[in-house]
Amino acid sequence: MLEALSFPFFQRALATALLASVACGVIGTYVVVKRISSISGGLSHAAFGGVGLGYWLGFSPILGATGFTLAAGAGLGWAYRRLPSGFDTLISMVWAVGMALGILFVALTPGYAPDLMSYLFGSILFVPASDVWGVAALDGVVLLGVFFLFDEFQAISFDEEFAEVAGLPVGLLFQILLALTSLAIVTLIRVAGVILVIALLTIPAATARQWTTRLRPMMCLATLLSAACSVAGLFLAYDLSDRLDLRLPSGPLIILLAVALFGVSSAARAIWRPRKIRGGS
Amino acid sequence: MMNGLALDIRDVSLTLRREPVLEQIHLQLKQGEFLGLIGPNGGGKSLLLKLILGLIEPDTGQLRVFGRSPKEVRGTIGYVPQHARFDMDFPISALDVVLMGLLGKKRLFRRFGGKAKRQALMALERVHLGHLADRQIGELSGGERQRVLIARALCLDAPLLLLDEPTSSLDPQNATEVYKLLADLTPQRTILLVSHDVGIVCGYIHSIACLNRRLVYHPSNQMTQELLELGYGFPVEVVEHPHHCRILEPHSRESAS
């Protein structure tokens, strides 16, 4: 099984998975504690519109995905405090419109789009070297943003009204948080695809939350869990194809491993401290 | 500051969804005054606090806090909300919650320094929770959590404190402690306290106001039957308790008639 490490494609896959885990653990923590998983789901599906536009006009689909998620994030962030009653519906619209645009753009593209499935469900085994650096750069932006605005993000996640009373620019901070979430989503599209990204943003962080009482340790643990599931999923996919000739995509395997881990963690938590059981989300 | 008024509210009205919720509110608070604000649920008490905090804008009238608009003084007023609407499982320590009170003074992109942390710890010690600073917020009892929120409002050392039923989840003994603490903060600070504990509160406040869409102000701490009836808008009974008195509202007489 370890001979897989000698293949450059596997090395790149491993590097991408580990780098994406950082964005996943850090931003996933906010997604879970601020309860913005439906917004994040909308953003990741909006990314597909950008993927399609990239195919059609002939530029990098990942670049298109970045533009579309950032734009959708800015739009949702603007509407968040202005549309209290219709916001949920708006998320669904962004979600569906992103997918619809993606499918239309791909249909307009002459010829056959061979790796469309890879953007829907992830294709970490076929990551080009340039994308590894791209993911590393996005990680850097996410980490810098969270480093400098940690207290502010904590405040708007914990008690938005008080944060506003305290004089914070709550609307702007939420916009920045959504922008960082958009970038994290782009890094994860390579690993899990637009449809499964939301699972990676929520499940490791929800598991980490069961064992931590502060945001920073929660971020670290979520990153470790996400890295562990990604690496295990990659090896599992390699091993199944090597021994049983079963060609399974690694993205869904990674997510099923993460869910299994969440189940084991929840059970352990119930036994460990029956006095006070924390919910996952 | 010029006229010595901490709070100057003139002719303020507010309509929500075509429903008048506050009508022609006049209220002047001198610096150092401790005002108790009572009134029925839905009478507009929390809305009045939100107007003062600049979270909502009045339709008409003028609000001045130390001679400036609510938006200008944002971040310098201490505030304890009525219900802690936050998630009890949020991974945050009591000390970090108190530190939130200092966010207005911290510059963006900077981290809290040792001085801010000492200030927050002192605020926690004032409400006798210094030993629980490292606890996760959900591991505290309801009363302790409420005191953490009071410490969060205190640590800013704000000249004006707004408290929206800060003692609703405390037992009478703890509630009395909080009132004593607040009374000690005057006359350096001005306090506006929303409360249902009319009986206990009377011993500590300087003046009382009753808000039921309209505001009736009484410049002493003597609760009168007349004031209660004006404020509540219908006859009320006052029942003496061993510790404190409570207001009994008749069963929605207005809607029945």
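Right above here is the structure, for reference.
Our subject in this report is the structure included herewith. All chains use their own residue numbering, which begins from 1 and follows the written sequence. Here the convention is simple: chains get letters from A, ligands get numbers from 1, in the order in which they are written. Residue-level local features of this predicted model are given only where pLDDT is at least 70; pairs of side-chain atoms are given and counted only at 80 or more, and the full residue set underlies all totals for whole chains, interfaces and linings.

1. A short note on the overall build of chain A
Phase 1 of the analysis: Check the secondary structure of chain A and you find eleven helices and zero strands.
Phase 2 of the analysis: Start at the N end of chain A and walk to the C end: the helices and strands fall as α-α-α-α-α-α-α-α-α-α-α.
Phase 3 of the analysis: Compactness check: chain A gives a C-alpha radius of gyration of 19 Å against a globular reference of 19 Å for 281 residues, within 12% of the reference.
Phase 4 of the analysis: Exposure is read from a count of other C-beta atoms within 10 Å of each residue's own; the residue is exposed at 12 or fewer, buried at 20 or more and partly exposed in between. C-beta atoms are placed from the backbone. Sorting the 281 residues of chain A into buried and exposed places 50% on the buried side.
Phase 5 of the analysis: In chain A, once contacts between residues fewer than 6 apart in sequence are set aside, the share between residues at least 24 apart is 75%. Here a helix means four or more residues in a row that DSSP labels H or I, a strand means two or more in a row labelled E, and each is numbered from the N terminus. Taken over C-alpha atoms, the radius of gyration is set against a globule rule of 2.2 Å times the number of residues to the power 0.38. Contacts are defined on C-beta atoms placed from the backbone: any two residues whose C-beta positions lie within 7 Å are in contact.

2. Thoughts on the sheet that holds strand β1 (residues 5-16) of chain B
All names here are of chain B.
Phase 1 of the analysis: Strand pairing is assigned whenever DSSP identifies at least 2 bridges connecting the two strands. Taken together, three strands build an open sheet; the order of strands is β2-β1-β4 and the sheet is antiparallel. Each edge of the open sheet is held by one strand with a lone partner, namely β2 (19-30) and β4 (60-65). Across this sheet, the average inter-strand angle for adjacent strands is 15°, counted without regard to direction.
Phase 2 of the analysis: Alignment of β1 against β2, held across eight bridges, turns out to be antiparallel. Residue pairing for β2: I9 is matched across the bridge by L27. Only C-alpha atoms enter the line fits that serve as axes; for helices the fit covers just the stretch in contact. Angles between N-to-C directions range over 0 to 180 degrees.

3. Details of the interface of chain A and chain B
Phase 1 of the analysis: Across the boundary between the two partners, chain A contributes 25 residues, which contact 22 residues of chain B.
Phase 2 of the analysis: Contributions of two or more residues to the side of chain A that touches chain B are made by α7 (150-158), α8 (160-165) and α10 (215-243) of chain A.

4. Describing the sheet that holds strand β5 (residues 77-80) of chain B
Residue and element names in this part refer to chain B.
Phase 1 of the analysis: Taken in spatial order, the six strands make up an open sheet running β5-β6-β7-β3-β8-β9, and their pairing is mixed. The sheet is open, and its two borders are formed by β5 and β9 (214-218), each paired with just one other strand. Ignoring strand direction, the axes of neighbouring strands in this sheet form an average angle of 15°.
Phase 2 of the analysis: Sheet topology note: the strand β8 (residues 207-212)/β9 ladder contains five bridges and is antiparallel. Opposite A209, over in β9, you have Y217 as the bridge partner.

5. Here's the deal with helix α9 (residues 170-209) of chain A
Residue and element names in this part refer to chain A.
Phase 1 of the analysis: Expected helix span is computed as 1.5 Å times (number of residues minus one). Between its first and last C-alpha, α9 extends only 24 Å over 40 residues, short of the 58 Å set by a 1.5 Å rise per residue.
Phase 2 of the analysis: Approximately 115° is the largest bend angle found in α9, and it occurs at I195.
Phase 3 of the analysis: Summarising burial for α9: 34 of the 40 residues are buried, a large majority. To get the bend at any residue, fit one axis to the seven residues that end at it and another to the seven that begin at it, then take the angle between the two axes.

6. Details of helix α3 (residues 61-80) of chain A
All names here are of chain A.
Phase 1 of the analysis: Taking 1.5 Å per residue as the helical rise, α3 with its 20 residues ought to reach 28 Å, and the 28 Å between its terminal C-alpha atoms agrees with that figure.
Phase 2 of the analysis: Of all the positions in α3, only P61, I62, G64, A65, T66, F68, T69, L70, A72, G73, L76 and G77 are classed as buried.
Phase 3 of the analysis: The inward-facing, buried residues of α3 contact α2 (37-57), α4 (87-108), α5 (116-121), α6 (129-148) and α9.

7. A few points about unusual backbone geometry
Phase 1 of the analysis: Of note, the bond from T186 of chain B into P187 of chain B is cis; its omega dihedral lies within 30 degrees of zero at 5°.
Phase 2 of the analysis: Within the secondary structure, P187 of chain B is located in the loop between α5 (172-185) and β7 (190-194).
Phase 3 of the analysis: Its identity is not glycine, yet D245 of chain A carries a phi of approximately 60°, on the positive side.
Phase 4 of the analysis: Take D245 of chain A: it is sitting in the loop between α10 and α11 (250-272).
Phase 5 of the analysis: Overall, the presence of 7 C-beta atoms within 10 Å leaves D245 of chain A in the exposed class.

8. A word on the environment of A120 of chain B
Residues and elements named next belong to chain B.
Phase 1 of the analysis: Tracing the backbone through its elements, the reader meets A120 in helix α3 (residues 114-126).
Phase 2 of the analysis: The class of A120 is buried, set by 26 C-beta atoms lying within 10 Å.
Phase 3 of the analysis: As a C-alpha pair, A120 and C155 span 35 residues in sequence and 5.6 Å in three-dimensional space.
Phase 4 of the analysis: Setting aside anything within four residues of it in sequence, one finds A120 in contact with L95, V98, L99, L102 and C155.

9. Digging into the packing of α7 of chain A against α9 of chain A
Working note: a packed helix pair is described by the angle between its axes plus the distance between those axes.
All names here are of chain A.
Phase 1 of the analysis: Their axes nearest at 10 Å, the elements α7 and α9 cross at an angle of 105°. Comparing the axis directions of α7 and α9 gives the class roughly perpendicular. Residues E152, F153 and I156 of α7 form the contact with α9, whose own contacting residues are V170, L173, F174 and L177.
Phase 2 of the analysis: Across the contact of α7 with α9, the residue classes tally to six nonpolar, no polar and one charged. Under this scheme an angle from 65 to 115 degrees is roughly perpendicular, one under 35 degrees roughly parallel, and one over 145 degrees roughly antiparallel; angles in between are oblique. In the scheme used here, Gly and all other residues not listed as nonpolar or charged are polar, with Ala, Val, Leu, Ile, Met, Phe, Trp, Tyr, Cys and Pro taken as nonpolar and Asp, Glu, Lys and Arg as charged.

10. A few points about the pairing of β1 of chain B
Residue and element names in this part refer to chain B.
Phase 1 of the analysis: Connecting the antiparallel pair β1 and β2 is a turn made up of two residues, with R17 showing a positive phi of about 50°.
Phase 2 of the analysis: In terms of strand pairing, β1 meets β4 through five bridges, oriented antiparallel. Across the sheet, D8 pairs through a bridge with R64, a residue of β4.

11. Quick look at the packing of α6 of chain A against α9 of chain A
All names here are of chain A.
Phase 1 of the analysis: At their nearest, the axes of α6 and α9 sit 10 Å apart, and the two run at 155° to each other. Taken together, the axes of α6 and α9 lie roughly antiparallel to each other. For the pair α6 and α9, the sense of crossing is left-handed. Residues D131, V135, L138, D139, V141, V142, G145 and V146 of α6 touch α9, and the partners they reach there are I176, L180, L183, A184, V186, T187 and R190.
Phase 2 of the analysis: Among the residues making up the contact of α6 with α9, the classes are represented as ten nonpolar, two polar and three charged. Crossing chirality is assigned from the near helix's rotation relative to the far helix, an anticlockwise turn below a right angle marking it left-handed and a clockwise turn marking it right-handed.

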